[in-house]
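Listed below are the residues making up each chain.
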Amino acid sequence: MTRAERVSENLNRALHELFAADDRVWLLGEDVADPYGGAFKVTRGLSTAYPDRVLSTPLSENGITGVAGGLALCGDTVIVEIMFGDFAGLAFDPILNLLTKSVSMYGERTPMRVVIRCPVGGGRGYGATHSQSVQKHFIGIPHLALFELSPLHDAADVLAAALRRGEPAMLFEDKILYTRRRYVDGRVDDRFAVEMRGADRNWARVHDPAADTAPTLVIAPGGVADRAIAAARDAAGRGRAVEVLVPARLYPVDVDGLRGVLDGAAGVIVAEESTAGGTWGGEVAARLHAEAWPLLRRPVELVSSADRVIPSAPHLERAVLLGADTILERIMRVPAGGPAAPRAAGVDPPPAGSRPAGTAEPGVPVRVPTLNPTDESYLLLEWLAPAGATVGVGEPIATVETAKAIEELAATHAGVLRHDVAAGADCVPGAVIGRVLPVGAAPAPTAPPPDPPSGPAAAARPPVASPVDRPLSPAQRRVAEVVATSHREIPAAFTVVRVDVTAALGYARRTAEETGADVGLTELVIAAVAALHDRFPDLYATLTGDGRVRDAAQPAIGLTVDVGTGLFLPVIRDAAKLDLGDLADTVVALRMRALRNRLGEDDMADMNFLVALNDTPGVTHARPIIPPGVTCALSVPDVHREVVLDADGGIRERTTADLGLAYDHRLVNGARAGAYLAALAAVLHR
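Residue indices begin from 1 for each chain and proceed along its sequence in written order. Under the rules for a predicted model, residues below a pLDDT of 70 receive no local features and side-chain atom pairs below 80 are neither given nor counted, while totals for whole chains, interfaces and linings still include all residues. Side-chain metrics rest on all non-hydrogen atoms present in the structure, leaving aside hydrogens and water.

(A) Fine view of the sheet that holds strand 14 (residues 364–367). Two strands qualify as a pair provided DSSP detects at least 2 bridges between them. To qualify as a helix, a DSSP run of H or I must reach at least 4 residues; to qualify as a strand, a run of E must reach at least 2; elements of each kind are numbered from the N terminus. The strand order 14-21-19-16 describes an open sheet built from four strands, whose pairing is antiparallel. If you trace the sheet from one side to the other, it starts and ends with strand 14 and strand 16 (390–391), each paired once. In the sheet, strand 16 pairs with strand 19 (residues 415–419) via two bridges, with the strands oriented antiparallel. Directly across from Val391, in strand 19, lies its bridge partner Gly415.

So, in structure tokens, the structure goes:
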């Protein structure tokens, strides 16, 4: 597969090509000139290559846009960069009263070739005044077209389509996309393919070629597209077909490009990050209802962010902004169309024309599947649908917690849900925890929780003073088992070296600026550990039960992720093949999946080296536990600054980290561990 550019790189290349092809193109904006190259580095290199046509302006969006209007009236082409889309409101007057009206108010059509670029959206902790999605405020202005960049469209094609109109246009760019890679070669992943549809290849259709049921259509622009694709992927695992439709041009709405996919769809959902009310999604729904109503099975549904100011604290920001989970919930509410969806884990359908074996009861048993073969039992964490509720095919009905992850069970038959086991109870693989009964059947009452302690001692105990016993969760029990097994079976030794990471942190900052990825010491250490595999294969080996040593073909590096409710060890299997930007994206993705309880068993399998993060501020030494099956665990603590003497007696300050290696003494001796840490320090010094 072709290695794709990042979205910011693709846009930068498109701007360079535009300037090279036309010597009457201008770029105006705040801090767009080198070496800064714009707040998000999209304009890097342009002022160096075209110094007379790239102008860093004063801080006045109104003035910048007004000058652009004057240049456009003279026949030039102008790209305006608004540093943050939130500030586009300051340019509203020249957009409304100069740029757009000039197209037709002088007695003849006047081309106004202006594209106003607006970084928008949240997800980066920038707070209330730098995170808004303001697209809806510019809908309906005559002669103003709205476009939005996505990972599925080439920026050069989008700019060309905007400029061909001869009318002012606004190009919205979701900030979270700048560091993402584009989707190329007609694929999103192993499941989803991409095809371009409509005039100017305006619509990107993301679909599962193997799906055989009527899909739910999710229309999602820009940065919401990835969230919609993630929701579609989860929905597919629950037996639902979903297609994601991503437009390059938001307004005027291109209905013609949708006609071929609307017919037969189970439903249409429009997802956008703006708050509700007067939205682009409302415009899409109005146009579809007016022009394509015969093709729709039901009214178009809208989903957006909460009607609140956007906080900067990450957990509060996530609660406000539209996420994949919200899109998924709305998808699962749409009745499935076409033939029955594929089976989903957790529900065993009975043979055709018969009742489930071994019982005379009607309906379909809800069984606990085998999720983690090392667990003897799981915890029925929560019923997602109440007893007596009517559930549809693919609807999530319960969550089960294993030692490593939380898995959802989904229904593949419609009916009335009955609970046979109460939430909070242990359940073994294969156990029946409920049934999906035919509609009209009366479910039994919800299974009661275990009885509280009884007897004279319990009666005599004052209620307020009673100690409350609570069992360890499966995740905590698993951690306890791993720790106990490690201490019991692995003769661990521990060596620490102090590493000067001053240069490494500087390199991480430069890489972060160049790629837009969140690169830090963690990513540098993971990359170094991956690079040392070929030189130190014994530190990545596994001691088998029969006393033999199995070498690892490639490094599979586990990373500790503490989400507050449990410790997870997701594994990065291709760290040696990733550049630092991609590695940083992978680390962020794994952390987010852990926070959202979306890590599966496969995400945490086959580890052969552990990087244990103990970087709580102030922690300088930490001895990690070596998980069974692993030979080494490397501790990465917090960095600290210290003053040292140079060889010539001069004083300098440096930043250091005390990297500690815990190792299985049966396979690795102290000299070998010291050599490994020295090699690791040398890699980080480069």
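(B) Expanded view of the side chain of Glu272. Here Glu272 lies in strand 12 (residues 267–275). Relative accessibility thresholds used throughout: buried, under 20% of the residue-type maximum; exposed, over 50%; partly exposed, between the two (1.4 Å probe, protein chains only). Charge convention: Lys and Arg are scored as positive, Asp and Glu as negative, and His as well as the terminal groups of each chain are ignored. The salt bridge criterion pairs a side-chain nitrogen of Lys or Arg with a carboxyl oxygen of Asp or Glu, the two atoms within 4 Å. Here Glu272 occupies a buried position and makes no salt bridge, while the nearest side chain of opposite charge, Lys136, is found at 7.7 Å. As used in this structure description, the phrase polar contact means that two N or O atoms lie within 3.5 Å; if the pair is within protein, one of them must be able to donate a hydrogen and the other to accept it, and residues adjacent in sequence are counted only when both atoms belong to side chains. One polar contact links the side chain of Glu272 to the main-chain amide nitrogen of Gly281, over a distance of 2.7 Å.

(C) Geometry of the nonpolar core. Counting residues in hydrophobic clusters, the biggest one holds 54 residues, and the most contacted among them are Val529 and Leu661. Residue contacts are counted whenever heavy atoms from the two residues lie within 4.5 Å of one another. In contact with Val529, not counting residues within four places along its chain, are Tyr540, Ile557, Phe609, Val611, Leu634, Tyr676 and Leu680. The criterion is simple. A nonpolar core is a set of buried Ala, Val, Leu, Ile, Met, Phe, Trp, Tyr and Cys residues joined through side-chain atoms within 4.5 Å. Core analysis: the second largest hydrophobic core is formed by 47 residues, Ile139, Ile141, Ala265 and Val270 among them.

(D) Layout of the pairing of strand 8 (residues 203–207). Burial of strand 8 is extensive: five of the five residues sit out of reach of the surface. Covered by surrounding structure in strand 8 are Trp203, Arg205 and His207 together with Ala204 and Val206, the residues of both alternating faces. One ladder, built from five bridges, connects strand 7 (residues 193–197) with strand 8; its direction is antiparallel. Opposite Val194, over in strand 8, you have Val206 as the bridge partner. A loop of five residues connects strand 7 with strand 8, the two strands running antiparallel in sequence, and Gly198 in this loop sits at a positive phi of about 80°.

(E) Spatial organisation of the packing of helix 14 (residues 521–531) against helix 16 (residues 670–685). Two numbers describe how helix 14 lies on helix 16: the axes approach to 10 Å, and their chain directions differ by 125°. Comparing their axes, helix 16 and helix 14 come out oblique. Relative to helix 16, the crossing made by helix 14 is right-handed. For the pair formed by helix 14 and helix 16, the contact residues are Leu524, Val525, Ala528 and Val529 on the first element and Tyr676, Leu680, Val683 and Leu684 on the second. A fitted line through C-alpha atoms represents every axis, and for helices the fit uses only the stretch in contact; the resulting angles, taken between N-to-C directions, go from 0 to 180 degrees. Every angle not falling under 35 degrees, over 145, or within 65 to 115 is termed oblique; those three ranges are roughly parallel, roughly antiparallel and roughly perpendicular. In a left-handed crossing the near helix is turned counterclockwise from the far helix by less than a right angle, and in a right-handed crossing that turn is clockwise.

(F) Inspection of the sheet that holds strand 8 at higher detail. Ordered in space as 7-8-10-9-12-13, the six strands form an open sheet in which the pairing is mixed. At either margin of the open sheet sits one strand with a lone partner, and together these are strand 7 and strand 13 (301–305). Strand-to-strand, the axes of this sheet are offset by a mean angle of 25°, without reference to chain direction. The sheet contact formed by strand 8 and strand 10 (residues 242–247) spans four bridges and is antiparallel.

(G) Quick look at helix 10 (residues 324–333). Listed as buried for helix 10 are Ala324, Ile327, Leu328, Arg330, Ile331 and Met332. Buried-residue contacts for helix 10 involve strand 9 (216–219), helix 6 (224–236), strand 10, strand 12, strand 13 and strand 17 (396–401).

(H) Seen up close, the packing of aromatic side chains. Only Phe, Tyr and Trp rings take part, Trp by its six-membered ring, and two of them pair if their centres are within 6.5 Å. Stacked means planes under 30 degrees apart, edge-to-face means over 60, and tilted covers everything else. Inspection of every chain in the model, using the stated rule, returns ten aromatic pairs. With 5.3 Å between their ring centres and 35° between their planes, Phe19 and Tyr50 make a pair best called tilted. A residue pair is termed long-range when its members are at least 10 positions apart, and Phe19 in helix 1 (residues 7–21) and Tyr50 in the loop between helix 2 (46–49) and strand 2 (54–56) qualify at 31 residues. Here Phe19 falls in the buried class, since its relative accessible area comes to 1%. What makes Tyr50 buried here is its relative accessible area of 19%. Centre to centre, the rings of Phe92 and Phe138 are 5.5 Å apart; their planes meet at 50°, and the pair counts as tilted. Placement of Phe92 in helix 4 (residues 92–99) and of Phe138 in the loop between strand 4 (114–120) and strand 5 (145–148) is noted, with a sequence separation of 46 residues between them. Exposure remark for Phe92: the relative accessible area of 29% places this residue in the partly exposed category. By relative accessible area, which is 2% here, Phe138 ends up buried.

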